[in-house]
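Structural characterization, general
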Amino acid sequence: MQRRGARGVCGLVGVAVSVAALTGCASPGGPSSSPSSALSPSPSVCVVAENPHAEPPEGCITYDPEANMALNESYRDRYPVGDDVVAAGAPYVDAVTAGLADLQGSASLTAEGVREVLARSGLPPEGIQTLGDTGSVAFGAILPAEVTSSSMAACLFGEVTTDRLAVEIGGLVQDGGCLAGPGGH
(Lines give C-alpha, C1' and ligand atoms only; values in the text may rest on other atoms or scores of the structure.)
Protein backbone atom coordinates (compact mmCIF):
# COMPACT_ATOMS: atom_id res chain seq x y z
CA MET A 1 0.00 0.00 0.00
CA GLN A 2 2.87 2.29 0.54
CA ARG A 3 3.65 2.24 -3.13
CA ARG A 4 0.10 3.09 -4.04
CA GLY A 5 0.08 5.81 -1.46
CA ALA A 6 3.35 7.23 -2.73
CA ARG A 7 2.04 7.22 -6.28
CA GLY A 8 -1.14 8.91 -5.15
CA VAL A 9 0.80 11.58 -3.26
CA CYS A 10 3.15 12.09 -6.22
CA GLY A 11 0.15 12.36 -8.53
CA LEU A 12 -1.53 14.90 -6.28
CA VAL A 13 1.68 16.91 -5.99
CA GLY A 14 2.00 16.89 -9.81
CA VAL A 15 -1.57 18.12 -10.23
CA ALA A 16 -1.04 20.81 -7.59
CA VAL A 17 2.13 22.05 -9.31
CA SER A 18 0.34 22.13 -12.67
CA VAL A 19 -2.60 24.08 -11.23
CA ALA A 20 -0.24 26.53 -9.51
CA ALA A 21 1.71 27.03 -12.73
CA LEU A 22 -1.44 27.69 -14.74
CA THR A 23 -2.93 30.11 -12.23
CA GLY A 24 0.40 31.92 -12.01
CA CYS A 25 -0.09 33.01 -15.66
CA ALA A 26 -3.09 35.10 -14.68
CA SER A 27 -1.40 37.60 -12.45
CA PRO A 28 -3.43 40.38 -10.79
CA GLY A 29 -3.59 43.48 -12.95
CA GLY A 30 -2.76 41.59 -16.15
CA PRO A 31 -4.95 41.74 -19.21
CA SER A 32 -6.91 38.63 -18.23
CA SER A 33 -7.75 39.66 -14.68
CA SER A 34 -10.83 41.89 -15.11
CA PRO A 35 -12.32 44.39 -17.54
CA SER A 36 -11.79 47.26 -15.12
CA SER A 37 -8.03 46.73 -15.12
CA ALA A 38 -7.75 46.99 -18.95
CA LEU A 39 -6.27 50.18 -20.41
CA SER A 40 -8.90 52.70 -21.46
CA PRO A 41 -8.63 54.36 -24.88
CA SER A 42 -7.37 57.92 -25.01
CA PRO A 43 -10.04 60.62 -25.24
CA SER A 44 -11.01 61.54 -28.79
CA VAL A 45 -10.09 64.87 -30.32
CA CYS A 46 -12.94 67.32 -30.83
CA VAL A 47 -12.90 68.76 -34.36
CA VAL A 48 -15.58 71.24 -35.47
CA ALA A 49 -16.15 73.44 -38.50
CA GLU A 50 -15.38 77.12 -38.09
CA ASN A 51 -18.49 79.11 -37.21
CA PRO A 52 -18.28 82.91 -37.27
CA HIS A 53 -21.37 83.12 -35.02
CA ALA A 54 -20.16 80.91 -32.16
CA GLU A 55 -17.02 80.02 -30.30
CA PRO A 56 -15.93 76.36 -30.56
CA PRO A 57 -16.34 74.18 -27.47
CA GLU A 58 -13.34 74.28 -25.15
CA GLY A 59 -10.53 72.02 -26.29
CA CYS A 60 -11.88 71.63 -29.84
CA ILE A 61 -9.88 72.19 -33.00
CA THR A 62 -11.57 74.12 -35.82
CA TYR A 63 -11.20 73.70 -39.57
CA ASP A 64 -12.40 75.58 -42.66
CA PRO A 65 -14.77 73.28 -44.61
CA GLU A 66 -14.58 75.42 -47.77
CA ALA A 67 -10.77 75.24 -47.78
CA ASN A 68 -10.95 71.47 -47.25
CA MET A 69 -13.34 71.07 -50.20
CA ALA A 70 -11.09 73.19 -52.43
CA LEU A 71 -8.09 71.12 -51.41
CA ASN A 72 -10.04 67.93 -52.07
CA GLU A 73 -10.75 69.10 -55.63
CA SER A 74 -7.16 70.19 -56.31
CA TYR A 75 -6.36 66.80 -57.80
CA ARG A 76 -7.85 68.21 -61.03
CA ASP A 77 -5.47 71.20 -61.11
CA ARG A 78 -2.75 71.22 -63.74
CA TYR A 79 0.90 71.90 -63.17
CA PRO A 80 1.94 75.07 -64.97
CA VAL A 81 3.94 75.04 -68.20
CA GLY A 82 5.95 77.86 -69.72
CA ASP A 83 5.10 79.92 -72.78
CA ASP A 84 7.89 78.12 -74.62
CA VAL A 85 6.07 74.80 -74.18
CA VAL A 86 2.78 76.30 -75.37
CA ALA A 87 4.55 77.74 -78.45
CA ALA A 88 6.34 74.45 -79.20
CA GLY A 89 3.05 72.56 -78.91
CA ALA A 90 1.10 74.93 -81.19
CA PRO A 91 1.56 72.77 -84.34
CA TYR A 92 0.00 69.82 -82.46
CA VAL A 93 -2.92 72.01 -81.37
CA ASP A 94 -3.48 73.09 -84.97
CA ALA A 95 -3.34 69.53 -86.35
CA VAL A 96 -5.62 68.11 -83.65
CA THR A 97 -8.10 70.98 -83.98
CA ALA A 98 -8.36 70.48 -87.76
CA GLY A 99 -8.76 66.69 -87.40
CA LEU A 100 -11.39 66.93 -84.68
CA ALA A 101 -13.33 69.61 -86.59
CA ASP A 102 -13.77 67.03 -89.35
CA LEU A 103 -15.20 64.57 -86.78
CA GLN A 104 -17.70 66.97 -85.22
CA GLY A 105 -20.52 66.42 -87.70
CA SER A 106 -19.80 62.80 -88.48
CA ALA A 107 -20.70 59.42 -87.06
CA SER A 108 -16.98 59.03 -86.28
CA LEU A 109 -17.25 61.33 -83.25
CA THR A 110 -16.33 58.49 -80.89
CA ALA A 111 -13.51 57.88 -78.43
CA GLU A 112 -11.81 55.65 -81.02
CA GLY A 113 -12.14 58.32 -83.70
CA VAL A 114 -10.63 60.93 -81.36
CA ARG A 115 -7.72 58.61 -80.50
CA GLU A 116 -7.06 58.10 -84.23
CA VAL A 117 -6.97 61.87 -84.87
CA LEU A 118 -4.55 62.43 -81.97
CA ALA A 119 -2.25 59.62 -83.14
CA ARG A 120 -2.31 60.86 -86.78
CA SER A 121 -1.36 64.31 -85.45
CA GLY A 122 1.92 62.89 -84.11
CA LEU A 123 1.00 62.27 -80.47
CA PRO A 124 2.32 58.99 -79.01
CA PRO A 125 -0.61 56.49 -78.92
CA GLU A 126 0.46 55.11 -75.52
CA GLY A 127 0.04 58.59 -73.98
CA ILE A 128 -3.53 59.19 -75.24
CA GLN A 129 -6.46 59.11 -72.82
CA THR A 130 -10.16 59.58 -73.56
CA LEU A 131 -13.29 59.88 -71.47
CA GLY A 132 -16.77 59.51 -72.90
CA ASP A 133 -17.76 57.92 -76.15
CA THR A 134 -20.20 58.78 -78.91
CA GLY A 135 -20.99 62.47 -79.38
CA SER A 136 -18.92 63.84 -76.46
CA VAL A 137 -15.31 62.92 -75.83
CA ALA A 138 -12.81 64.51 -73.44
CA PHE A 139 -9.21 63.74 -74.32
CA GLY A 140 -5.67 64.19 -73.13
CA ALA A 141 -2.33 63.21 -74.60
CA ILE A 142 1.29 63.47 -73.52
CA LEU A 143 3.19 65.76 -75.87
CA PRO A 144 6.42 64.43 -77.41
CA ALA A 145 9.56 65.10 -75.35
CA GLU A 146 10.95 67.61 -77.86
CA VAL A 147 8.03 69.95 -77.00
CA THR A 148 8.87 70.22 -73.32
CA SER A 149 11.92 72.12 -72.18
CA SER A 150 11.80 70.84 -68.62
CA SER A 151 11.84 67.43 -67.02
CA MET A 152 8.05 67.50 -66.51
CA ALA A 153 5.77 66.21 -69.23
CA ALA A 154 3.20 68.46 -70.87
CA CYS A 155 -0.22 67.64 -72.28
CA LEU A 156 -2.52 68.47 -75.12
CA PHE A 157 -6.07 68.18 -73.80
CA GLY A 158 -9.62 69.25 -74.46
CA GLU A 159 -13.09 68.16 -75.42
CA VAL A 160 -15.05 67.63 -78.61
CA THR A 161 -18.83 67.43 -78.90
CA THR A 162 -21.17 68.02 -81.82
CA ASP A 163 -21.20 71.76 -81.01
CA ARG A 164 -18.03 72.40 -79.00
CA LEU A 165 -14.32 71.96 -79.70
CA ALA A 166 -11.57 72.95 -77.27
CA VAL A 167 -7.89 72.04 -77.57
CA GLU A 168 -5.28 73.35 -75.09
CA ILE A 169 -1.73 72.81 -73.86
CA GLY A 170 -0.99 72.48 -70.14
CA GLY A 171 0.82 70.46 -67.53
CA LEU A 172 -0.13 67.11 -66.08
CA VAL A 173 -3.06 67.08 -63.67
CA GLN A 174 -1.92 66.73 -60.07
CA ASP A 175 -3.53 63.32 -59.88
CA GLY A 176 -1.35 62.17 -62.78
CA GLY A 177 -1.92 61.92 -66.50
CA CYS A 178 -3.36 64.44 -68.91
CA LEU A 179 -7.05 63.95 -68.25
CA ALA A 180 -8.70 64.61 -64.91
CA GLY A 181 -11.00 61.81 -63.83
CA PRO A 182 -14.73 62.49 -63.60
CA GLY A 183 -15.10 61.56 -59.94
CA GLY A 184 -13.81 62.88 -56.69
CA HIS A 185 -11.62 61.57 -53.95
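Residues numbered from 1 in each chain as written. Predicted model: local features only at pLDDT ≥ 70, side-chain atom pairs only at ≥ 80, totals over all residues. Heavy atoms only, no water.

1. A short note on the state of the cysteines
Rules: Cysteine sulfur atoms are paired as a disulfide whenever they come within 2.5 Å of each other. Runs of H or I in DSSP of at least four residues are treated as helices and runs of E of at least two as strands, each being numbered from the N terminus.
According to the stated counting rule, one finds two disulfides in the structure shown. With a sulfur-sulfur separation of 1.8 Å, Cys 46 is cross-linked through a disulfide to Cys 60. Here the disulfide of Cys 46 and Cys 60 is right-handed, its torsion about the S-S bond being about 85°. Taken together, the positions of Cys 46 in the loop between α1 (2-24) and β1 (47-49) and Cys 60 in the loop between β1 and β2 (61-63) put the pair 14 residues apart, joining distant regions of the chain. Note on cysteine connectivity: Cys 155 is disulfide-linked to Cys 178, with sulfurs 2.0 Å apart. Linking Cys 155 and Cys 178, the disulfide has an S-S dihedral of approximately -75° and is accordingly described as left-handed.

2. A short note on the environment of Leu 109
We count it as follows: Exposure categories follow from relative accessible area, calculated using a 1.4 Å probe and restricted to protein chains: below 20% of the type maximum is buried, above 50% is exposed, and the middle band is partly exposed. A contact between two residues is defined here by any heavy atoms of the two lying within 4.5 Å.
With respect to the element layout, Leu 109 can be found in the loop between α3 (83-104) and α4 (111-120). Under the relative-accessibility criterion, Leu 109 is labelled buried at 2%. When the C-alpha atoms of Leu 109 and Ser 136 are compared, they prove to be 7.4 Å apart, with 27 residues separating the residues in sequence. Once residues within four sequence positions are removed from consideration, Leu 109 is found in contact with Leu 103, Gln 104, Val 114, Asp 133, Thr 134, Gly 135, Val 160, Thr 161 and Thr 162.

3. Considering the sheet that holds strand β5 (residues 154-161)
What counts here: In this description, strands pair whenever DSSP reports at least two bridges between them. For every element, the axis is a line fit to its C-alpha atoms; helices are fit only across the contacting stretch, and the angle between N-to-C directions ranges from 0 to 180 degrees.
Taken together, four strands build an open sheet; the order of strands is β3-β4-β5-β6 and the sheet is antiparallel. Both edges of this open sheet fall to β3 (128-133) and β6 (165-171), since each of them pairs with a single strand only. Across this sheet, the average inter-strand angle for adjacent strands is 10°, counted without regard to direction.

4. Details of the pairing of β5
Most of β5 sits inside the fold, with seven of its eight residues counted as buried. By the bridge criterion, seven bridges tie strand β4 (residues 136-142) to β5 in an arrangement that is antiparallel. In the sheet register, Val 137 faces β5, and the bridge partner there is Val 160.

5. Some details on the confidence of the model for the chain
Keep this limit in mind: pLDDT is a per-residue confidence score from the predictor, ranging from 0 to 100.
This prediction gives the chain a mean pLDDT of 77; 69% of its residues lie at or above 70. Contacts for the low-pLDDT stretch residues 1-34, under 50 throughout, to residues beyond four places or in other chains number five contacts.

6. Digging into the nonpolar core
So the rule is basically this: Take the buried residues of types Ala, Val, Leu, Ile, Met, Phe, Trp, Tyr and Cys, join any two whose side-chain atoms come within 4.5 Å, and each joined set is a nonpolar core.
Ranked by internal contacts, the top residues of the largest apolar core, which has 23 residues, are Leu 100, Val 114 and Leu 156. Contributing elements (two or more residues each) for this core: α3, α4, β4, β5 and β6. Every residue in contact with Leu 156, bar those within four places of it in the chain, is listed here: Tyr 92, Val 93, Val 96, Leu 123, Phe 139, Gly 140, Ala 141, Leu 143, Val 167 and Glu 168.

7. Points about α3
The criterion, for reference: What a helix is expected to span follows from its residue count: subtract one and scale by 1.5 Å. Working definition for bend: take the seven residues up to and ending at a residue and the seven starting at it, fit an axis to each, and measure the angle between the axes.
Taking 1.5 Å of rise per residue, the 22 residues of α3 would be expected to cover 32 Å, and the 29 Å separating its terminal C-alpha atoms lies within 8% of that figure. At Gly 89, α3 shows its strongest bend, of approximately 45°, with the proline Pro 91 following within four residues. By the burial criterion, the buried members of α3 are Val 85, Gly 89, Tyr 92, Val 93, Val 96, Gly 99, Leu 100, Leu 103 and Gln 104. Looking at the buried side of α3, the elements it contacts are α4, β4, β5 and β6.

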